[in-house]
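One letter stands for each residue in the lines below.
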Amino acid sequence: MRFPNFYSATLFVFSLTPCGFLTSCASRDSAAPPQGDSQTADGDPAGASEGGAPGDGTPLQPCPPESTTFQTFPSIPYGDLDAQVLSLRIPNEGGPFPLLVWVHGGAWTSGSYAEYTRIFDLAQKGFAVASVEYRLSGVAPFPAQIHDVKFALRWLRAHAAEYNVDGARIAILGPSAGGHLSALAGTSGGVAALEDLSQGYPDVSSGVQAVVDFFGPTDFALMDVQAAEQGCPAEAQRHGLVSSPESQLLDCRLAECPDRVQAANPIAYVDASDPPFLILHGRSDCTVSYKQSEVMSAALDSHGVEQSLHLIEGVGHSLPGVYNPSSAPVVEAFLSRILRGCVAP
């Protein structure tokens, strides 16, 4: 397991205003194809640069017309625990469909797989969409949350044919705490401590082919320092308190358990085999400083992982603010290119 010198990496940032004007842009897309937790290349054309061509040089074609009818499964148990449940929406026409797995936010203390229904609109774009529940920190401390998320990924892949899903094309995405768990799922493939195979389907991969991280925390140890550097008020610099969501997640005061802090840090597991990342964060976010996404982006970049970071001006810790009419097409284009091999209209 390598621990990257990510602070020395070159950072490439997209900066969007809420109303959609691109104020500055540069990007870095590696030529390496995305991989799941097998740590081996799978030859998927997703390694092509955004809006470019797949690995064999063939230009990407426009995506097929939108789906208009769907099947919805509102509550499917994927395990024996009360929290191990998911919902699923699948287009009726065509398939098998690439799968988007939504992981809800809520500071790991609250939230529900059923609360953000807008994500299911992406089924219109030719994706199957799942939203997964997981144990909250008041029920079980870390790593229970990532154990459940990876269990849900294994369950969905094991049942892919039953639901007309392509188990080789899965992306994970989520906001805030869900962004943290999505990033962690993307970088920690093959890490035994972060996967409880006794839950079920031990021979099925929990790997993902793409990650969309909406303002997720990464390195808890830096959160207070970064909030201060950003100019956030003193009340935003309390992540180190025993009562903070991060301390509750790890069941310890952060300064007293550096090993647990490191274990929960998706940056600690970054290597060149990680799948492509799209990261979006509001520049005015004082709940989770945008600098948390900057260090994540830099870590990926320093290992040659395809990544792009979008910092959105004037937006705080808000999913509607970050996933707005300007950025939604960016998300759709990224997912369409990586998972469908086509150009979103």
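Read on for an overview of the structure. (Residues numbered from 1 in each chain as written. Predicted model: local features only at pLDDT ≥ 70, side-chain atom pairs only at ≥ 80, totals over all residues. Heavy atoms only, no water.)

A few points about the state of the cysteines
Counted under the stated rule, the structure contains three disulfides. One disulfide bridge connects Cys63 with Cys342, the sulfur atoms lying 2.0 Å from each other. When the S-S torsion is 90°, as for the bridge of Cys63 with Cys342, the disulfide is right-handed. Within this pair, whereas Cys63 is found in the loop between strand 3 (61–62) and strand 4 (70–77), its partner Cys342 is found in strand 12 (residues 342–343), the two being separated by 279 residues in sequence. Like Cys342, Cys63 is buried. In this model, Cys252 is linked to Cys257 through a disulfide, with the two sulfur atoms separated by 1.8 Å. Across the S-S bond of Cys252 and Cys257 the torsion is about 65°, and the bridge reads as right-handed. The exposure class assigned to Cys257 is buried, which follows from its relative accessible area of 7%. By sequence order of its bonded cysteines, the chain has the disulfide arrangement 1-6, 2-5, 3-4. (Disulfide = S-S within 2.5 Å. Helix = DSSP H or I, 4+ residues; strand = E, 2+ residues; numbered from the N terminus. Buried < 20%, exposed > 50% of the residue type's maximum accessible area, 1.4 Å probe, protein only.)

Considerations on unusual backbone geometry
In this structure, the amide linkage connecting Gly95 to the following residue, Pro96, adopts the cis form with an omega of 0°. Relative to the assigned elements, Pro96 resides in the loop between strand 5 (85–91) and strand 6 (97–103). Following Phe142, the chain continues into Pro143 via a peptide bond in cis, with omega recorded as 15°. Relative to the helices and strands, Pro143 resides in the loop between strand 7 (128–132) and helix 1 (144–158). Its identity is not glycine, yet Asn164 carries a phi of approximately 60°, on the positive side.

Re the pattern of salt bridges
Counted by the stated rule, this structure contains eight salt bridges. Measuring nitrogen to oxygen at the nearest pair gives 2.4 Å for the salt bridge that ties Lys125 to Glu66. On the criterion of sequence distance, the pair formed by Lys125 in the loop between strand 6 and strand 7 and Glu66 in the loop between strand 3 and strand 4 is long-range, its members being 59 residues apart. Salt bridges linked by common partners bring Glu66, Lys125 and Glu332 together as one network. (Salt bridge = Lys/Arg side-chain N within 4 Å of Asp/Glu carboxyl O.)

Considering the packing of aromatic side chains
Per the stated rule, a full pass over the model turns up seven aromatic pairs. Aromatic pair Trp155 and Tyr163: ring centres 6.1 Å apart, planes at 40°, arrangement tilted. In terms of burial, Trp155 and Tyr163 fall into one category: buried. The interplanar angle of 55° and the centroid separation of 5.3 Å between the aromatic rings of Phe214 and Tyr323 together place this pair among those described as tilted. One end of the pair, Phe214, is in strand 9 (residues 210–214); the other, Tyr323, is in the loop between helix 7 (319–322) and helix 8 (328–340), with 109 residues separating them in the sequence. Neither Phe214 nor Tyr323 differs from the other in exposure class; each is buried. Here the aromatic residues Trp102, Tyr116, Phe214 and Tyr323 are joined through ring pairs into a cluster of three or more. When the ring centre of Phe70 is taken as origin, the NZ or CZ atom of Arg89, which lies over that ring, is 5.9 Å away. (Phe/Tyr/Trp six-rings, centres within 6.5 Å; stacked < 30°, edge-to-face > 60°. Lys NZ or Arg CZ within 6 Å of the ring centre and 35° of its normal.)

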